[in-house]
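# A look at the structure
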Amino acid sequence: MSNFLPIKALLVDSDCTTLELLTTLLESKGYLVIQARNGQSALKLIERGDINLVITDWMMPLMNGVELCCAIRQRPQDNYIYLIMLTSNNNEEALVTAMEAGVDDFLGKPFNPIELGARLHAAERVLALESGLNSRNYQLAEAYGQLSQELELAKTMQLAMLPDRANFKNISFDWIFEASSYVGGDIFDYFQIDENYLCFYLIDVAGHGVSAAMMAFSVQNYLLSSSSQIAKTISRQGGDIGSTAEIMVARHNTHFMEMKETCLYLTMIYGLIDIKTGTVALVQAGHPPPMYVDPLGTVTAIGDGGLPIGIISGATYEAHIIKLTPGARLFLYSDGITDCTNATGKIFGQKRLENTLSQKKDASLGRVGIEVRQAIFEWRGFIGAFEDDITLLSLEYQ
């Protein structure tokens, strides 16, 4: 007998002689054997668990063999029960009926011990495979549970890295963020370089999962540590924040190309603001174009592409210069918004986002984010979690 586990066999027959003969043969092979005289008694024994094999007669009082097999297959069970039917009926229609009831094999009655041994070998192979499959499924379930915990932890870390909503003199920042069903790679931040300048950015690491999230964390730490370099570069460039932004993004690309060991890349919007003048330098590195909304509600998309970070060594980037007027707003967003699909597979799209931003020009900056979030949720409907992170970073100049 296979040594994967002790087979516990239930023998069901109204004939005592048949039961004793089967019991003797199965116990000689190391099986654990229990007996029942009819289907109803057998079903009660099965409900206690631990039974791997049932050999049952077809014709029995109270509940026959086919009814017993149907009842066994219909009940929930943790382990597979191999069913062998004892029958002297070789009618093809009857055998089909038994197979539809869930019977695995047949044994002629009166049975031949040699034939019985062959049927039992087949049962052992099936039960051994089933036991191995259960073991692997258990291991997979444990691994999946561990992975789920780690992904939840990574998502918690991702949320903890998001900045507080903040005001810097005459400049306010707000944002919305909805994590996808996976750990994603959206990270954004803003910080003051010195009394004259601010830096802000939004990045989206390609792909999902822990590797994308860890890469996003690494890039965020690097960008935050670069504030002193920004100040020095602005000084060397004579206060030209446009050329400074171009230089900094090119440096980030070089750093990313040197540090990365995977095929991951990222898109970015990188901005520098002259707090006193309201001048903004924006560099687009493969990211969706920022949207400038003037006080009248006119929306202008800024930029036309640019190379993502981590694609080509030595890539150069172009800064777009805009002058903010009091009441003007700037919105950076991830493609999780514009690519968000509804139940019919249609995307939310850039135009729909532009219309929402324009229509809510008189609402507070925080309220605009709430309205965008609501519009996305209404568009998405009830079709499950988002496939990608939903990020909107908002800036207002007063």
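For clarity, every value in this text was computed on a predicted model and none was experimentally measured. (Residues numbered from 1 in each chain as written. Predicted model: local features only at pLDDT ≥ 70, side-chain atom pairs only at ≥ 80, totals over all residues. Heavy atoms only, no water.)

For the chain, the count of helices and strands is 11 helices and 16 strands. A compact globule built from 398 residues would reach a C-alpha radius of gyration of about 21 Å, whereas the chain, at 35 Å, exceeds it by more than 25%. Over its C-alpha atoms, taken along the principal directions, the chain stretches across nearly 105 × 45 × 30 Å. The 398 residues of the chain split such that 49% are buried. For the chain, the accessible surface area stands at approximately 18,900 Å², while carbon and sulfur atoms represent 53% of it. The distance from the centre of the 29 positive side-chain charges to the centre of the 46 negative ones in the chain is 4 Å. (Helix = DSSP H or I, 4+ residues; strand = E, 2+ residues; numbered from the N terminus. Rg over C-alpha atoms; globule rule 2.2 N^0.38 Å. Buried < 20%, exposed > 50% of the residue type's maximum accessible area, 1.4 Å probe, protein only. Areas by Shrake-Rupley, 256 points an atom, 1.4 Å probe, with all protein chains shown as cover. Lys, Arg positive; Asp, Glu negative; His and termini not counted. Charge placed at Lys NZ, Arg CZ, Asp CG, Glu CD.)

Attention now goes to the sheet that holds strand β3 (residues 53-57). The sheet built from five strands is open, its strands ordered β2-β1-β3-β4-β5 with parallel pairing. In the strand order of this sheet, the two ends are held by β2 (32-36) and β5 (105-108), each with one partner. Sheet twist, expressed as the average angle between the axes of neighbouring strands with direction ignored, equals 20°. The pairing of β3 with strand β4 (residues 82-87) spans five bridges and is classified as parallel. Paired with D57 across the two strands is L86, which belongs to β4. Docked against the sheet, helix α1 (residues 16-28) engages β1 (8-12), β2, β3 and β4, running at close to 170° with respect to β2. (Pairing = 2+ DSSP bridges. Axes fitted to C-alpha atoms, helices over the stretch in contact; angles between N-to-C directions. Contact = heavy atoms within 4.5 Å.)

Before going further, it helps to examine the sheet that holds strand β9 (residues 197-205). Hydrogen bonds along the backbone pair up the strands of a sheet, which may run parallel or antiparallel. With respect to topology, five strands assemble into an open sheet ordered β8-β9-β10-β11-β14, the strand pairing being antiparallel. Two strands lie at the open edges of the sheet, namely β8 (186-192) and β14 (319-323), each paired on one side alone. Adjacent strand axes in the sheet meet at a mean angle of 15°, parallel and antiparallel pairs treated alike. Sitting on the sheet, helix α8 (residues 241-259) is in contact with β9, β10 (266-274), β11 (279-285) and β14, with an inclination near 150° to β10.

This next bit is on the packing of helix α2 (residues 39-46) against helix α3 (residues 65-74). Where α2 meets α3, the closest approach of the two axes is 9 Å, and the angle between their N-to-C directions is 20°. In terms of axis orientation, α2 runs roughly parallel to α3. Where α2 crosses over α3, the handedness of that crossing is right-handed. Of the residues in α3, those touching α2 at G39, A42, L43 and I46 are L68, A71 and I72. Of the residues contributing to the contact of α2 with α3, the split by class is six nonpolar, one polar and no charged. (Parallel < 35°, antiparallel > 145°, perpendicular 65-115°, else oblique. Left-handed = near helix turned anticlockwise from the far one by under 90°. Nonpolar A, V, L, I, M, F, W, Y, C, P; charged D, E, K, R; others polar.)

Honestly, that's just the spatial picture; any functional story needs more than this.
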